[in-house]
Amino acid sequence: MSSPRLPVAIALLGPTASGKTDLAMQLAQRFSVEIISVDSAQVYRHMDVGTSKPDPWMRACVPHHLIDILDPAESYSAGRFCSDTRTLMNAISQRGRIPLLAGGTMLYFNALRNGLNDLPSANEEIRHRIDERALAAGWPALHSDLAKVDPQAAARINPNDAQRIQRALEVFELTGSALSSHLTHSRRRVQSHYFIGLALMPMDRKRLHERLARRFDAMLAQGLVEELAELRQRFTLDETLNAMRCVGYRQAWEYLEGRISPQELREKGIAATRQLAKRQMTWLRAMSEVTLFDPFDALLAANAIEHIEVSLR
């Protein structure tokens, strides 16, 4: 181990539907861990069908953190994740256990490892103005606007990724500088833990796509639309909220508004899930601190355990 004086933490990352939850539970049978969710959707209470949270049995067997901590009308950020996670990691280590960070929100993990940027806070007036433009012209049109002022950011952002397009345009309006220029000046932090990084990277893309489609179909069968309809009655929500931009909920919102048909709901939901997985794998390929494992390998759990045991020596 390169930093033996630091307490150990395990990072288990991967695209959606790659089997992170199951592998985390298998690791918990071998190592004394507490799991910290690295998932920007699982933080929300009452959003269960579309977020694939660990079931109550799993959470009873192994302590889980950063799940069900906010209502859907509230917001969460990479900065708050880093603060919450550092506090949790230190407390878990002091209890003599290993923090196991598991999830697929790569932005959160990257911020934790590489520091946050000096970006301005959200401005609701500007965001509202951007949302109004998007309603009139569509997010691909705003993506084209972004390409003119920040081609680097636009190249990384999908033309239909409303949240990231909005943030990039917001930063430009607030600072007069491109988001990509801010991202090159992150604040590096002294690390409190030595990370053993594992990443699930499917070698068979077709097999992953089949799994993604089955998962979305299961969400629809389990009541994704009905869950969202109940949330809209219970809370004051709109489709610009972070919670409502989560894959699945965004498409279900369109369906409830009568803008798409049931078939389009399924097609758009599966397509958005594929795009999410693609973005997550792009993040992973750029991370030098993780070791890749194929989630479809029959020896996945054994290989992951061996890798951790060797790293602990």
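Right above here is the structure, for reference.
These numbers come from a predicted model, not from an experiment.

Chemist: Looking at this model, I keep getting lost on helix α4 (residues 106-114). Mind explaining?
Modeler: Side chains three or four residues apart in an α-helix point the same way, a direct result of the helix having 3.6 residues per turn. Listing the buried residues of α4 in full gives M106, Y108, F109, A111, L112 and R113. Structurally, α4 contributes buried residues whose contacts are with β1 (8-13), β2 (33-38), α3 (78-94), β4 (98-103), β5 (194-200) and α13 (262-285).

Chemist: Mind showing me how you'd approach the nonpolar core here?
Modeler: Soluble globular proteins tend to bury their nonpolar side chains together. One finds M47, Y76, F81, L101, F109, F195 and M244 to be the most contacted residues of the largest nonpolar core, which totals 56 residues. Per element, the largest residue contribution to this core is six residues, and it comes from α3. Excluding anything up to four places from it in sequence, M244 contacts M47, P72, L228, L237, D238, E239, Y249, R250 and W253. Core analysis: the next-biggest nonpolar cluster, separate from the first, contains 26 residues, I10, I35, L200 and I305 among them.

Chemist: Before we go on, may I ask you to explain the sheet that holds strand β3 (residues 64-65) in this structure?
Modeler: The strands that make up a sheet are held in pairs by hydrogen bonds between backbone atoms, and each pair lies either parallel or antiparallel. Spatially, six strands are ordered β3-β2-β4-β1-β5-β6 in an open sheet, and the strand pairing comes out parallel. Two strands in the sheet have a free side with no partner beyond their single neighbour: β3 and β6 (290-293). The pairing of β2 with β4 spans six bridges and is classified as parallel. Pairing of I35 across the sheet is with L100, part of β4. Lying over the sheet, α3 contacts β1, β2, β3, β4 and β5, oriented at roughly 175° with respect to β2. Each of β1, β5 and β6 is contacted by helix α14 (residues 300-312), which is oriented at about 160° to β5, the strand it contacts most.

Chemist: Could you clarify how one ought to interpret the pattern of salt bridges in this entry?
Modeler: Between side chains of opposite charge, pairing is possible as soon as their charged atoms come close. Summed over the entire model, instances satisfying the criterion amount to 21 salt bridges. Of the charged contacts in the structure, one is a salt bridge between R80 and D84, with a shortest N-O distance of 3.5 Å. With R80 and D84 both in helix α3 and four residues apart, the pair spans about one turn of that helix. Residue class for R80 comes out partly exposed when judged on its relative accessible area of 37%. Between R133 and D145 there is a salt bridge, and its shortest N-O distance comes to 3.3 Å. Of this pair, R133 sits in helix α5 (residues 124-137) while D145 sits in helix α6 (residues 139-149), and the two are 12 residues apart along the sequence. The class for D145 is partly exposed, based on a relative accessible area of 28%. Where salt bridges share partners, they join D48, K53, R59 and D68 into one cluster.

Cut-offs used in this document
- Residues numbered from 1 in each chain as written.
- Predicted model: local features only at pLDDT ≥ 70, side-chain atom pairs only at ≥ 80, totals over all residues.
- Heavy atoms only, no water.
- Buried < 20%, exposed > 50% of the residue type's maximum accessible area, 1.4 Å probe, protein only.
- Helix = DSSP H or I, 4+ residues; strand = E, 2+ residues; numbered from the N terminus.
- Contact = heavy atoms within 4.5 Å.
- Core = buried A, V, L, I, M, F, W, Y, C linked by side-chain atoms within 4.5 Å.
- Pairing = 2+ DSSP bridges.
- Axes fitted to C-alpha atoms, helices over the stretch in contact; angles between N-to-C directions.
- Salt bridge = Lys/Arg side-chain N within 4 Å of Asp/Glu carboxyl O.

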